[in-house]
Structures are given as structure tokens and as C-alpha cells.
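Architecture at a glance
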Amino acid sequence: MSLKPEQEWLLVGCGLIAHADEILDMGEWDAALRLIDETIDGEDRDTWREIIADQDALEERFARLPPLDQGHHLEVLHRCWKMALVDGGDSEIEETVHDRIARALGVSEAEAALLRERWTREAIERAELVAGLAAVFTNLDGHLDFQEAIHFDNILERLPLSMGRRLELSNLLHKPPRLDPLADKLASLDADDRLATLHQLVPLVAASQRGGRERDAFFELAGRAKVPLAEAERLLNHESGT
């Protein structure tokens, strides 16, 4: 397996964060698989899936990671912190693991803490966007199907928001916001966040039982967000197993 140093740091660091609480939950595993698919081509994907699933293997890799150019330090730390937030919020143990990765990169704990505060604020803003878009897609055809409502609740549970805020946003299920302002905000995000946001909407699109309207809207939204059609199709096909 021939990976660039920054790719190996990303995979190992995110894997360690996912295992921080010694439980690799569905949201973390899904995020890890997406990272593998984005980073690695071909047969090496299966090998890295095995490594990511094995905390001991990750520790062994971490102990012998290659030197990393300083220009990639923040990228690695940011992506690792995003992994900490995929299951609905961070924890002290995840902060501890993130500090450990930061120290290995030569970043102080004080600086890492400041970065986490900033990145968490940004994640909360994106979480509000995800909730709004999820409400729009749930109501897109004018019918609220049971499976769509379940997926909407599951999305809310995994957003890095307080319980009170999640309860407030649950009201969007019955009074969704307008799509255009949300689409404009999505288009303003960086490429990784645009793709991650679309990825969170995929279960809603796949759950629809009323034809292809949701798929068409998904592709239209992806186009407005400057996500290539092939990438949007890959997201939907991955969910359906095709």
C-alpha cells in the first residue's frame, strides 16, 4: 500500500478518534468507510477497512507514521475532529485522543483546544443546515412517510447539537424552511463539507417510496453545490448497494 504521508495520517488519526470510547458505532464506521473510499483506490480499500476496524492495528500504525509536512497538520487535525462529531458530539476521551494526535504533529494542547472550539462552532452551523435540508427532503412530495420521519430523527440524533436544540429543530419536520437559502448556504461551504452534507441526506432520498422526485431534487441540489454529478450518483448508489 503506497499512500502519501498525509493520507496515512488522516486514516490512522480518524480511526483512533472513532475508537476513542472503545465503541465503533454506525455513524463513525460509515464516516470511516467514506474516508477510505475518498482516499484509496482498488484492493487496498479492503485492507484499510480491516485496519480501521482494529484498534490495535491502528496503534501499531500510529507508532510508525512517517513525518508529515507542516502544511498538512491542520488538515489532519480538522478531519480528525470532524470524526469526533459524527455521532452527535464530542467527549473528553475524544479530546484526549485528539490532543495526542496534535502532540505527535507538534501542535500544543492549548492550540489544539482553540482549534476545536472554532471547528465545533462551524460544525454546529453546518448541523443547522443539515437539519433544514433534511426537513425539506422529508416533505418534498407533500407526504410524510414513516420511514422518512425515522431517518429525519436519526439525522437529528447524530448532529453536534444540544438536546434542547434538537427538540426545537424537530419541529421543522412539520414546518420545513425554504430550500433556496439553504442551497445557497450549502454552496458556500468548502468541498468536503458540501459532500458530507449531501451524504447525510442520502438515507432520506433512499427511503422515499414515491418515485424519483427526491433523487431529482438531490441531483439538482448537488449541482447547485458544485458537486459533480458522478460524485452525487456514487453517494446514492453506495447507499443502495448498486
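None of these values were measured; they are calculated from a predicted model.

**Considerations on the environment of aspartate 25**
Residue placement: aspartate 25 occurs in the loop between α1 (5-18) and α2 (26-39). In sequence terms aspartate 25 and aspartate 87 are 62 residues apart; their C-alpha atoms lie 7.8 Å from each other.

**Structural notes on the pattern of salt bridges**
Counted by the stated rule, this structure contains 20 salt bridges. A salt bridge links arginine 79 to glutamate 38, with the shortest nitrogen-to-oxygen separation between them at 3.0 Å. One end of the pair, arginine 79, is in helix α5 (residues 73-85); the other, glutamate 38, is in helix α2, with 41 residues separating them in the sequence. Judged by its relative accessible area of 32%, glutamate 38 falls in the partly exposed class. Ionic pairing is found between arginine 79 and aspartate 192, a salt bridge with its closest N-O pair at 3.2 Å.

**Quick look at unusual backbone geometry**
Notably, lysine 226 is not glycine yet its phi reads approximately 60°, a positive angle. With respect to the element layout, lysine 226 can be found in the loop between α12 (213-224) and α13 (229-240). On the accessibility criterion, lysine 226 (62% relative accessible area) is exposed.

**Thoughts on the packing of α1 against α2**
Packing of α1 against α2 brings their axes to within 10 Å, and their N-to-C directions diverge by 175°. The orientation of α1 with respect to α2, classified from their angle, is roughly antiparallel. For the pair formed by α1 and α2, the contact residues are Gln7, Leu10, Leu11, Cys14, Ile17 and Ala18 on the first element and Glu28, Leu35, Ile36 and Thr39 on the second. Taken together, the residues that form the contact of α1 with α2 break down as seven nonpolar, two polar and one charged.

**Digging into the packing of helix α7 (residues 109-138) against helix α8 (residues 146-157)**
Each packed pair of helices is defined by two parameters, the angle between the axes and the distance between the axes. Contact geometry of α7 with α8 gives a least axis separation of 10 Å together with a crossing angle of 180°. Accordingly, the angle class assigned to the pair α7 and α8 is roughly antiparallel. Of α8, the residues touching α7 (which contributes Val130, Ala131, Ala134, Ala135, Phe137 and Thr138) are Glu148, Ala149, Phe152, Ile155 and Leu156. Partitioned by chemical class, the residues of the contact of α7 with α8 number nine nonpolar, one polar and one charged.

Calculation criteria
- Residues numbered from 1 in each chain as written.
- Predicted model: local features only at pLDDT ≥ 70, side-chain atom pairs only at ≥ 80, totals over all residues.
- Heavy atoms only, no water.
- Helix = DSSP H or I, 4+ residues; strand = E, 2+ residues; numbered from the N terminus.
- Salt bridge = Lys/Arg side-chain N within 4 Å of Asp/Glu carboxyl O.
- Buried < 20%, exposed > 50% of the residue type's maximum accessible area, 1.4 Å probe, protein only.
- Axes fitted to C-alpha atoms, helices over the stretch in contact; angles between N-to-C directions.
- Parallel < 35°, antiparallel > 145°, perpendicular 65-115°, else oblique.
- Contact = heavy atoms within 4.5 Å.
- Nonpolar A, V, L, I, M, F, W, Y, C, P; charged D, E, K, R; others polar.

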